[in-house]
There are 2 protein chains.
Amino acid sequence: MRALLALAALAISTPALAADGETTATQLVRRANTGATVAWDMVSELTTRFGPRPAGSASERAAARWAAAKLKEYGFRNVAVHDFAITGWTRGQESVAILLPHPQPLAATALGGSPATPGGAIEGEVVSFASLEALKLAAPGSLAGKIALVDLAMPRGGTGFGYGYVGRVRAFGPSEAATRGAIGFLMRSVGTDSHRLPHTGSTRYIDGKVPIPSFALSVPDADQIARLEALGERVRVRLSSTASYQPGAITSYVTGDIPGSGAADEIVLLGAHLDSWDLGTGAIDDGAGVAIITAAAKLIGEQKRHPRRTIRIVFYGAEEVTQPDSADVSGRAYRDPRMAAMAKHVLAMESDEGADPIVALAVPDHLKGSAFEAAALRILGPLAIVPAREPPGRGGVDIAPLVDAGVPAFVLQQSASRYFDYHHTADDTLDKIDRTSLDQNVAAWAGLIWLAADGDTDFRPRGTAK
Amino acid sequence: MRALLALAALAISTPALAADGETTATQLVRRANTGATVAWDMVSELTTRFGPRPAGSASERAAARWAAAKLKEYGFRNVAVHDFAITGWTRGQESVAILLPHPQPLAATALGGSPATPGGAIEGEVVSFASLEALKLAAPGSLAGKIALVDLAMPRGGTGFGYGYVGRVRAFGPSEAATRGAIGFLMRSVGTDSHRLPHTGSTRYIDGKVPIPSFALSVPDADQIARLEALGERVRVRLSSTASYQPGAITSYVTGDIPGSGAADEIVLLGAHLDSWDLGTGAIDDGAGVAIITAAAKLIGEQKRHPRRTIRIVFYGAEEVTQPDSADVSGRAYRDPRMAAMAKHVLAMESDEGADPIVALAVPDHLKGSAFEAAALRILGPLAIVPAREPPGRGGVDIAPLVDAGVPAFVLQQSASRYFDYHHTADDTLDKIDRTSLDQNVAAWAGLIWLAADGDTDFRPRGTAK
């Protein structure tokens, strides 16, 4: 209601200033923000029919076929499913338990890429560290036969600012522990909740592999071990996992276009990923993103006149198992065959942080204060979106290879105060999405993308920000 | 702070009215409510050291020995551990998954007492019912080879008023489904949350057994099946459980006294249970109750003069597997050997609904409006406790056999707006207890029990309510 009133005020006070593109963008914002979108139906059907969609699984492939059919039904052109091969990783049976001082089970789950426990299970005494840096101070060999535990908590932050810092434990902890002789690795989940649902996520392959079986404990279980230690107890645990690798597993990405009306060879790319972790149904990560970009592009495609530039949807595959600095599998599968067309990719954006409200727009430094940014903020202002304090960086895991190849990226930064309660857990399910917030996302994307696609602004640094 | 101010006001405005017992009771309330209790330490150590404490398990026995030592350390007399035998039930490996329309795992857990799936696993089509009554309308044989699902949601209620109604699905659903030919039973969890953590709990033994494998689905998983049905799909599932029974398993209850100073043979009994479900660590169910009654009685025992009557702590065993109308195992193990002493049990109370604030005092109808109730409400008023609308009934599972034998019961009714988010799930862990609320409980128990134990009011109907 407040947003509607603000929109009404905008319409009254600024008509003389608004270019034609802005008027259409504002109309799209209004339509989406009052719920006239397909986003909820799309994320509901995707997560309900297929459940978890691990990279390289039959479920991911079935979801990709369904998503392609959905794009055609929604009027997208050039819809295609593109297969590519990865090394898959499949969780098996797994359990973690305290043996001493008194036996009790723990809620824990293997990190993605973590090997099976040799000989069925391993047992050892827990040696706890307060941070990754503390672990790195341990002497070589000092963890021989032990299970290392890094117990670093993630703060609840407005836009998830702790994820990068705390996430390093998951990325580098297993190899740092193994280097010092540890036979297994435990960590407090990278999460802000206090439920018995551990947060998985890929750990970094070093020299092509994860050296030791590695698990995330749920937050209450990390607390439990910390309290036992505070009671003066030495804690002995048993770890078991039958995880396995599948070389040559087939994954895919899906593309579909809203062809441009004036400069159809220029591409504004909108990305999200279809794969999910195996524990939940991938509603906030990233069914929401798939639904948001599709609903926004569909609204634009339904306009009497398409924008000048082509809007391309890419549903990436295998995002969750993409290794950040070695392969960039998901994004490179799209980019590498299209290197010659990079100059025609005028902008890339990614939606991959759930469905909570968008709160800020990040543009590259050279566009700060530009006429384009000002117009974008006029359109997004009624949705309570302000300029971001950080630049967009590489834009997201999937579009990072495009950014590396010179494609400009914007980020519509989302509120993450709840996101890391559910991220990478079994709790990532449809009920965690708020419909009103989901449509606020669609509204922001529709308005901003219309503006970017219907104009002729060159977003590259050498270009002229009009 | 508000409670302290109210206490100060009470002290100023009513000193002339307050009897000696009331003065002491008010002092106890004030002390406990400012955090001078052992409750947090006790529930923390109990749940941390021993984790889950299923009825008849080694963990439950170890916890009983520890609890007895704790009572001695706290100054209780006549401390004893009393063993008795039950038929134990142990969860095994279990899994529930959708096979059609697309395979996906479900978060589900076997109901307590539910048998293993024959031949490893069973498969069948789901037939859904909106209530137990709808299931009962199904014709004999109409569920042959099917899996019945009762999908009845529990409302979030101030004092858990929906538990009795919705809980009937868990009690009677499996046998009603089996009678009509079903090979398995599913139900929406009896819970108010939306996490992937199913709520277990005992189902009713009919003719000495649970006829078919029976499971609770987490709330998001029950929603998932409902959405698939709304999409027009027929849902086929696979159920697997290796649960087992242990005839002759040993459980125990623990007793300890604060001996009375004037009428030591008269007993005010305070009960809670040491056993827990296997999924969580039994913090709110019922480590909190154990800690609350112990901390309250310890505060009373530390007074220069003990109250006239003896205060007896009973930590019951096997409460969770007690069958409500057939055996009353936990409470009868205490009562049956003491039938001759029932007349000397002047009052029984039980703490078994978590650690959220006490909001109301329930006394038997014949004590409504009595001088005792008025005095109790004067003492409890500063804690925001009002008269309950319902009578105390049988007082709770553990003390019900005492009530059946004529012992009066009061109930200090707790707020249950969060309790059924965690009840009988893996999420029943220490972090769900709020320390301030825990001490409010101790304060109410200490004040009320001093008043009941130091006076000579006969709480039985034939007695004189002074």
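Residues numbered from 1 in each chain as written. Chains lettered and ligands numbered in written order. Predicted model: local features only at pLDDT ≥ 70, side-chain atom pairs only at ≥ 80, totals over all residues. Heavy atoms only, no water.

1. Looking at the overall build of chain A
Counting its regular elements, chain A contains 13 helices and 16 strands. The C-alpha radius of gyration computed for chain A amounts to 23 Å, which stays within 12% of the reference 23 Å derived for 466 residues, consistent with globular compactness. Overall size of chain A, expressed as C-alpha extent along the three principal axes, is 75 × 45 × 40 Å. Expressed as a percentage of the 466 residues in chain A, the buried residues total 61%. Counted over contacts in chain A with a minimum sequence separation of 6, partners at least 24 positions apart contribute 83%. Entry remark: accessible area of chain A is about 16,400 Å², with carbon and sulfur atoms responsible for 55%. For chain A, the distance from the average site of its 45 positive side-chain charges to the average site of its 50 negative ones is 3 Å. (Helix = DSSP H or I, 4+ residues; strand = E, 2+ residues; numbered from the N terminus. Rg over C-alpha atoms; globule rule 2.2 N^0.38 Å. Buried < 20%, exposed > 50% of the residue type's maximum accessible area, 1.4 Å probe, protein only. Contact = heavy atoms within 4.5 Å. Areas by Shrake-Rupley, 256 points an atom, 1.4 Å probe, with all protein chains shown as cover. Lys, Arg positive; Asp, Glu negative; His and termini not counted. Charge placed at Lys NZ, Arg CZ, Asp CG, Glu CD.)

2. Section: the confidence of the model for chain A
Predicted confidence across chain A gives a mean pLDDT of 93, with 94% of residues reaching 70 or more. When the criterion is pLDDT under 50, residues 5-18 of chain A qualifies, and its contacts beyond four places in sequence or with other chains add up to 10 contacts. (pLDDT = per-residue confidence, 0-100.)

3. Notes on the sheet that holds strand E16 (residues 411-414) of chain A
All names here are of chain A. Judged by pairing direction, the sheet is mixed, and its three strands sit side by side in the order E15-E14-E16 without closing on themselves. Pairing within the sheet leaves two strands with one partner each, and these edge strands are strand E15 (386-387) and E16. As defined by bridge partners, strand E14 (residues 358-362) adjoins E16 across four bridges and the pair is classed as antiparallel. Opposite Ile 358, over in E16, you have Gln 414 as the bridge partner. Helix H13 (residues 435-454) contacts E14 and E16 of the sheet and is inclined by roughly 25° relative to E14. (Pairing = 2+ DSSP bridges. Axes fitted to C-alpha atoms, helices over the stretch in contact; angles between N-to-C directions.)

4. A closer look at unusual backbone geometry
Backbone torsion omega between Leu 100 of chain A and Pro 101 of chain A reads 10°, so that peptide bond is classified as cis. Tracing the backbone through its elements, the reader meets Pro 101 of chain A in the loop between strand E2 (94-100) and strand E3 (104-106). Cis geometry marks the peptide bond from Asp 285 of chain B to Asp 286 of chain B; its omega dihedral reads 15°. By the element assignment, Asp 286 of chain B lies in helix H8 (residues 283-301). At Asn 78 of chain B, a position not held by glycine, the phi torsion is positive, near 55°. Residue placement: Asn 78 of chain B occurs in strand E1 (residues 77-90).

5. Considerations on helix H6 (residues 163-179) of chain A
Residue and element names in this part refer to chain A. With 17 residues, H6 extends 24 Å between its outermost C-alpha atoms, agreeing within 8% with the 24 Å of an ideal straight helix rising 1.5 Å per residue. At Phe 172, H6 is deflected by roughly 50°, the largest bend along its length, and proline Pro 174 occurs up to four residues later in sequence. Along H6, the residues that are buried comprise Val 166, Gly 167, Val 169, Arg 170, Ala 171, Gly 173, Pro 174, Ser 175 and Ala 177. Once H6 ends, the next one or two residues include Gly 181, with phi positive near 100°. (Expected span 1.5 Å × (residues − 1). Bend = angle between axes of the 7 residues up to and from the residue.)

6. Comments concerning the environment of Thr 242 of chain A
Residues and elements named next belong to chain A. Tracing the sequence through the fold places Thr 242 in the loop between strand E9 (236-241) and strand E10 (244-258). The partly exposed category is assigned to Thr 242, whose relative accessible area is 45%. Each residue touching Thr 242, except ones within four places of it in the same chain, is listed here: Gly 92, Gln 93 and Ala 116. Separated by 2.8 Å, the side chain of Thr 242 and the backbone nitrogen of Gln 93 make a polar contact. (Polar contact = N/O pair within 3.5 Å; in protein donor to acceptor, adjacent residues only side chain to side chain.)

7. Quick look at the relation of the copies chain B and chain A
After a rotation of 180° and a shift along the axis of 0.0 Å, chain B superposes on chain A with an RMSD of 0.0 Å. In symmetry terms, the pair is related by a two-fold rotation axis. Here 100% of the contact residues of chain B are again contact residues in chain A; the copies associate through an equivalent surface. (Least-squares fit on C-alpha atoms with pLDDT ≥ 70 in both.)

8. Thoughts on the domain arrangement of chain A
Residues and elements named next belong to chain A. We note that the domain assignment places domain 1 (2-89 + 247-454) and domain 2 (93-242) within chain A. Put simply, the middle of domain 1 and the middle of domain 2, counted by C-alpha atoms, are 34 Å apart. The partner domain 2 presents 26 residues to the 24 residues of domain 1 that form the contact. Between domain 1 and domain 2, the buried area comes to about 1,900 Å², and carbon and sulfur atoms account for 55% of it. Among the residues domain 1 hides against domain 2, the three largest losses belong to Trp 89, Gln 323 and Phe 420. Together they make up 34% of the total. One salt bridge connects Asp 421 with Arg 156, and the closest N-O pair in it is separated by 3.1 Å. Among the secondary structure elements, those contributing two or more residues to the side of domain 1 that touches domain 2 are E16 and helix H12 (419-422). The element best represented in the side of domain 1 that touches domain 2 is H12, accounting for three residues. (Domains from an automatic or database assignment. Buried area = accessible area lost by both parts, 1.4 Å probe. Salt bridge = Lys/Arg side-chain N within 4 Å of Asp/Glu carboxyl O.)

9. Some thoughts on the interface of chain B and chain A
On the chain A side, the residues contacting the 34 residues of chain B number 34 residues. The junction of chain B with chain A conceals about 2,600 Å² of combined surface from both sides, 53% of it contributed by carbon and sulfur atoms. Together, Thr 48, Arg 49 and Arg 196 of chain B form the three largest contributors to the area buried by chain B at its contact with chain A, with a combined 26%. Glu 233 of chain B serves as the salt-bridge partner of Arg 49 of chain A, at 2.5 Å between the closest nitrogen and oxygen. Our count for the chain B to chain A interface comes out at 22 residue pairs in polar contact (both at pLDDT 80 or more). Contributing elements (two or more residues each) for the side of chain B that touches chain A: helix H3 (39-50), strand E3 (104-106) and helix H7 (219-230) of chain B. Split into classes, the residues belonging to the side of chain B that touches chain A amount to 13 nonpolar, 13 polar and eight charged. (Nonpolar A, V, L, I, M, F, W, Y, C, P; charged D, E, K, R; others polar.)

10. Description of the packing of aromatic side chains
Residue and element names in this part refer to chain A. Summed over all chains, the structure comprises 20 aromatic pairs over all chains. Look at Tyr 253 and Tyr 334: their rings are 5.9 Å apart centre to centre, the planes differ by 75°, and that puts the pair in the edge-to-face class. Taken together, the residues span a long stretch of sequence, with Tyr 253 in strand E10 and Tyr 334 in helix H9 (residues 329-335) at a distance of 81 residues. Across the pair, exposure class does not vary: Tyr 253 and Tyr 334 are buried alike. Grouping aromatic residues by their ring pairs yields a cluster made of Phe 84, Tyr 253, Tyr 316 and Tyr 334. The residue whose ring lies beneath Lys 432 is Tyr 422, and the NZ or CZ to ring-centre distance is 5.5 Å. (Phe/Tyr/Trp six-rings, centres within 6.5 Å; stacked < 30°, edge-to-face > 60°. Lys NZ or Arg CZ within 6 Å of the ring centre and 35° of its normal.)

11. Comments concerning the sheet that holds strand E14 (residues 358-362) of chain B
Residue and element names in this part refer to chain B. Taking strand neighbours across the sheet as the criterion, the three strands line up as E15-E14-E16 in an open arrangement whose pairing is mixed. The strands lining the two open edges of the sheet, one partner per strand, are strand E15 (386-387) and strand E16 (411-414). When E14 meets E15, the two strands line up parallel, connected through two bridges. By the bridge assignment for E15, Leu 361 is matched with Pro 387. Each of E14 and E16 is contacted by helix H13 (residues 435-454), which is oriented at about 25° to E14, the strand it contacts most.

12. With respect to the nonpolar core
Among the nonpolar cores identified, the biggest contains 98 residues, and Phe 315, Leu 361, Phe 410, Ile 433 and Trp 445 of chain B are the most heavily contacted of them. Looking at which domains feed residues into this core, each of domain 1 (2-89 + 247-454) and domain 2 (92-242) of chain B supplies at least three. Not counting the four nearest positions on each side in its chain, Phe 410 of chain B is found in contact with Leu 347, Ala 348, Met 349, Leu 361, Ala 362, Val 363, Pro 364, Leu 367, Phe 372, Pro 392, Leu 448 and Phe 459 of chain B. In terms of nonpolar packing, the next biggest core, distinct from the first, is built from 97 residues, Trp 66, Ala 297, Ala 376 and Phe 459 of chain A among them. (Core = buried A, V, L, I, M, F, W, Y, C linked by side-chain atoms within 4.5 Å.)

13. Focus on the pairing of E14 of chain A
Within E14 of chain A, four of the five residues are buried, which leaves the element mostly enclosed by the surrounding structure. The parallel pair E14 of chain A and E15 of chain A, bridged by helix H10 (residues 371-380) of chain A, forms a crossover whose chirality is right-handed. (Right-handed = clockwise from strand over helix to strand, strands pointing away.)

14. Structural notes on the environment of Ile 86 of chain B
All names here are of chain B. Considering the arrangement of structural elements, one finds Ile 86 in strand E1. Taking the C-alpha atoms as reference points, Ile 86 and Ile 250, separated by 164 residues in sequence, lie 6.4 Å from one another. If we ignore the near neighbours within four places in the chain, the residues touching Ile 86 are Ala 55, Gly 56, Gln 246, Pro 247, Gly 248, Ala 249, Thr 251, Ala 318, Val 321 and Val 329.

15. Observations regarding the packing of helix H3 (residues 39-50) of chain A against H7 of chain B
One way to put it is that H3 of chain A packs onto H7 of chain B with a least axis distance of 9 Å and a crossing angle of 105°. Between H3 of chain A and H7 of chain B, the crossing angle belongs to the class labelled roughly perpendicular. Of the residues in H7 of chain B, those touching H3 of chain A at Ser 44, Thr 47, Thr 48 and Arg 49 of chain A are Gln 224, Arg 227 and Leu 228 of chain B. In the contact of H3 of chain A with H7 of chain B, the residues fall into one nonpolar, four polar and two charged. (Parallel < 35°, antiparallel > 145°, perpendicular 65-115°, else oblique.)

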